[in-house]
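Notes for the structure review
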Amino acid sequence: MTPHGFIAKWKSVTLKERSAAQEHFIDLCRLLGEPTPAEADPTGQHYCFEKGARKDSGGPGWADVWKRHCFAWEYKGLSASLDAAFDQLRQYALALENPPLLIVSDTHRFRIKTNWTNTVSETHDFTIDDLHDIAVRNMLKWAFSDPNRLKPGETRDALTLRVAGYFAGLAKTLRELGHDPRAVATFVNRLVFCMFADDVGLLPNRMFRRLLDETTGRAPLFAELASELFQAMATGGRVGLDEVAWFNGRLFDDNAVIPLQISAIVTIRKAAALDWSEIDPSIFGTLFERGLDPGRRASLGAHYTDRNKINLIIDPVIKRPLETAWKAERKTLKATLRRAVSAKSQSARTRAFNTAHRRYRNFLRRLREFKVLDPACGSGNFLYLALHALKDLELRIQVEGEALGFPRTFPEIGPANVLGIEINPFAAELARVSVWIGEIQWMRQNGFSEARNPILEPLDTIQCRDAVLASPNQEADWPQVDVIVGNPPFLGGKSMRDVLGVDYTSRLRRVYADGMPAFSDLVCYWFHKARKAVVEGTTLRVGLVATNSIRGGKNRSVLDKIVADCKIFDAWPDEPWIVEGAAVRVSLVCFSRADARLPVRSRAKPVGTIVSDLTANGPDLTTAAKLSSNRSVGFVGDQKSGPFDVAGDLARSWLSLPANPHGRPNSDVLRPWSNGRDVTGRSFGKWVIDFGMSMTRAEAALYEAPFEYVLRHVLPMRRTSRVARSREYWWRHWCPRPRMREALDGLNRFIATPIVSKHRLFTWIDSRICPDHQLFVIAREDDTTFGVLHSRFHQLWSLRLCTWQGKGNDPRYTPTTTFATFPFPEGLSPDHPASDYALNPRAKEIARGAQRLVALRNRWLHPPEWVEWIDEPAPGYPKRPVARSPEFETMLSDRTLTKLYNTRPRWLVDAHGELDAAVAKAYGWTPEISDTDALAALLQLNLMRTA
């Protein structure tokens, strides 16, 4: 069919909608060169007329035409309202699998509206005469065969980011002018809502934009007109010739306005020019919050979680269980309705139908009573998406219930279904605005009118208060709800006193002393309270976000109790999370009653069980205990707590000085120093002033030059220390580790590994060197122990039992869980002197592998062609490597253990392979043993030795 023929035919047709629709669509297919529904899909599974029509009645479907992943199409009679057709499509979009395009037509007019998630929607209008234009016909053809060509370029996130940027700057300016921060928050929230109301038509005739246009050059007039508008929105009323609806919601409890300069009004005008109907409250609140109060939430560790991450919790905690329940209920309803149809009498049919209808109403009532709590709701992003999930499900159930023959009712789930607790008044107010906007957007996007009289219901369900501490000695209460979700504040246990204050932190730990280790991260208190809610039966399911440090150390105790009392049914143990360019790692944990019949999944894959370190389907290493054989061997290194470290050249100059007044050399109190970066990279060549564990101030002062240095650099810092011992003995290291020094006495060397590093590296350190507290020290000098520790089996063990730290998500070697629990091969454990197994063939083979690995590494790190080893100015110190030329020094800078293990050349892989084979043989395993089997065998050894 030609464009001319199509237009000529259909311009003269005046048939009613149902008489014309299918023939019009078939002719349109001929015009565009597209197959008709019957030609493309004879079964009607992915392309059909009357999608959703009941098979028994043959009545109208949810859409006049539907093509999966392309469009839903609704016809209306000539001159009928296309807006009404869109509202009808929107109400059924979920049931139609959310097609990317919604199209309506009255045969003479066409309207295409884009419907992609997280894009700013676009609308294309054209008439039948426009079909002469090939560009218009192409647009329609793309809807059939290539809808992505109509996908808008701007995402809702990008739009929201632009909007938030304008208002963050405005809020900052108003704060800097001295206005009360709470007044700024309320005022800017009102501006935000006015712009949204303007663009969705809740304010008449673009009233707020007209107000801005009128006052751009007359700043004093802005305050007068805005105050008049706010007053009308509070109660409903007239502003000039326009009637303003009753908004209420306590957002407009008063008509206070902050006077603005012309530049600020210009900024607001730029923001108002954007499409506010499409902003995304799930991220808008947090972005906006940074401008209102950028310091407070950051200090509490609260971070923005994007929509996809939030849905990793919303889906398993709210959406999937309710969908599963509805699927089972619908199956029962269908069976009951089949009995109704086959009943012999009308009364029996009526009774069966009424029974089914009553069950349906009861299910819908329970869903509408479903309550969600976010006890650290921030600016409401979890609440917004939880509300949308519930409303989507209610709509789906209504649509599918209608297909079963039950009458539709108006949606009832709304803001009252989501409850929040938030300590920050800025964020609490933003949460209310986010939920209000989200509710109105959902209603309009799904073809329903928003609430009226008032438009905004007061959101007393979002409370501004402390979620964990109610009074100096009382735990805060949480309301009884069906589920708890959220992103509690991230704050390390050691940082709480500095950020929250000594008094608050002490009270918090005292109130929770029975259930929480003292130095647990702040987020653990939310997990603890949520577990109690599940155990006490006041909530069904929980989904919370935490830093991934919750999987280990003291923090894991809260997950230990959750596993003991409840069931973790969904987890993402180590998820990347980007906040303003900074990379962090989180764990998402969902748990329920132990007897809940929920599928268990880890990282979206079905698993058997999830244990408290959030691993699945493997040995539960959380049951491993400390071994007496490893006691008194492993230590955290010396902790200076002050600038005792000095440059190597300065230390050497002191070594060259004459003896001190008491005849002793400075070498008594000077030692080369090594920290984690010296091991993983090139050594900085620092030395440390070390007055030992018991030297008095007077004795230390006799070492004249080192003492004067400490007097100038350490004393000023120690004077302000909160720790009395640190102030009193300011010339000594804060924690010189006497037990470590005792264990190292008499050894020529010891094994060390950085507490935190990308790779689990072990190295030898000369015992005359002082190890920093960022090193873990193993007081052994035999190659066999070194070889076992540097095998893949100890690495596997340490990675499962470690914690994780920093933006690089580096493993943290935790002495109490990684080293103290590790079972060495029988007879080769650290409680045996190396001489006991010096002739043991297993030990000798491991030692040879370790020696070869170290020799190859050292040759690579310090090529003798580039490096010479020189003596220090005083005897008793290890030699130090010095580059033979500046050129070699530059080349050496790239030779570090981290870079070596990043690239893992073949020779390094082979050397480790030989070592691993020797260690496997010592355990009685084959070298090919799998990681899972090796861990299981190690756990069995641990449990046998602790039994």
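What counts, and at which threshold
Sequence order sets the numbering: in each chain, residues are counted from 1 along the sequence as written. Predicted model: local features are reported for residues with pLDDT of at least 70 only, side-chain atom pairs are reported and counted for 80 or more only, and whole-chain, interface and lining totals are derived from all residues. Water and hydrogen atoms were dropped before computing side-chain values, which therefore reflect all heavy atoms in the structure. In this scheme, strands are said to pair when DSSP sees at least two bridges between them. Only DSSP runs of H or I reaching four residues or more are called helices, and only runs of E reaching two or more are called strands; each is numbered from the N terminus. To obtain each axis, a line is fitted to C-alpha atoms, and for helices this fit is confined to the stretch in contact; angles are then taken between N-to-C directions over 0 to 180 degrees. Only protein chains enter the area calculation, which uses a 1.4 Å probe; residues under 20% of their type maximum are buried, those over 50% are exposed, and those in between are partly exposed. Centres within 6.5 Å are what make two rings of Phe, Tyr or Trp a pair, Trp counting through its six-membered ring; a difference in plane orientation under 30 degrees is then read as stacked, over 60 as edge-to-face, and the rest as tilted. Here, a charge over a ring means that NZ of Lys or CZ of Arg falls within 6 Å of the ring centre while also lying within 35 degrees of the ring normal. The set of buried Ala, Val, Leu, Ile, Met, Phe, Trp, Tyr and Cys residues whose side-chain atoms join them within 4.5 Å is what this entry labels a nonpolar core. Contacts are assigned to residue pairs that have any heavy atoms within 4.5 Å of one another. Salt bridges are defined by distance alone: a side-chain nitrogen of Lys or Arg within 4 Å of a carboxyl oxygen of Asp or Glu.

1. Focus on the sheet that holds strand β20 (residues 634-636)
Reading across the sheet, the four strands line up as β20-β27-β24-β25 and stay open at both edges, with antiparallel pairing between neighbours. Two strands bound the open sheet, and with one partner strand each, they are β20 and β25 (763-766). Averaged over all pairs of adjacent strands, the angle between strand axes in this sheet comes to 35 degrees, irrespective of strand direction. Sheet analysis places strand β24 (residues 749-754) next to β25, joined by four bridges and oriented antiparallel. Residue pairing across strands places F750 opposite I765, the latter belonging to β25.

2. Structural notes on the side chain of D690
On the secondary structure map, D690 appears in the loop between β23 (687-689) and α23 (697-701). Judged by relative accessible area, which is 6%, D690 ranks as buried.

3. Describing the packing of aromatic side chains
Under the criterion given, the structure shown has 39 aromatic pairs. With 5.2 Å between their ring centres and 75 degrees between their planes, F793 and W925 make a pair best called edge-to-face. With F793 in helix α29 (residues 792-801) and W925 in the loop between α34 (906-923) and α35 (931-946), this pair connects stretches of sequence that are 132 residues apart. With respect to class, F793 is no different from W925; both count as buried. Taken together, F25, Y47, F49, F71, W73, Y75 and F144 form an aromatic cluster joined through their ring pairs. Positioned over the ring face of Y47 is K67, at 4.9 Å from the centre of the ring.

4. Observations concerning the environment of A451
Mapped onto the elements of the fold, A451 is located in the loop between α16 (425-445) and β11 (462-464). On the basis of relative accessibility, which here comes to 40%, the residue A451 falls in the partly exposed class.

5. Observations concerning the nonpolar core
Judged by nonpolar contacts, the single largest core of 143 residues is most densely connected at F193, F247, I318 and F527. Per-element tally for this core: the top contributor is helix α15 (residues 381-404), with 11 residues. Every residue in contact with F193, bar those within four places of it in the chain, is listed here: M233, F247, L251, F252, W436, I437, I440 and L456. Counting 60 residues, the second-largest nonpolar core is a separate cluster that includes W764, L853, A922 and Y923.

6. Re the pattern of salt bridges
Across all of its chains, the model carries 59 salt bridges by this definition. A salt bridge links D125 to R111; the nearest nitrogen and oxygen atoms lie 2.6 Å apart. Taken as a pair, D125 in strand β6 (residues 123-127) and R111 in strand β5 (residues 109-114) lie far apart in primary sequence, 14 residues in all. A relative accessible area of 48% places D125 in the partly exposed class. K640 is paired through a salt bridge with D645; the nearest N and O atoms lie 3.4 Å apart. Taking the relative accessible area as the measure of exposure, K640 reaches 10% and is therefore buried. Among the ionic contacts, a cluster of salt bridges with common partners joins E323, R330, R396 and E400.

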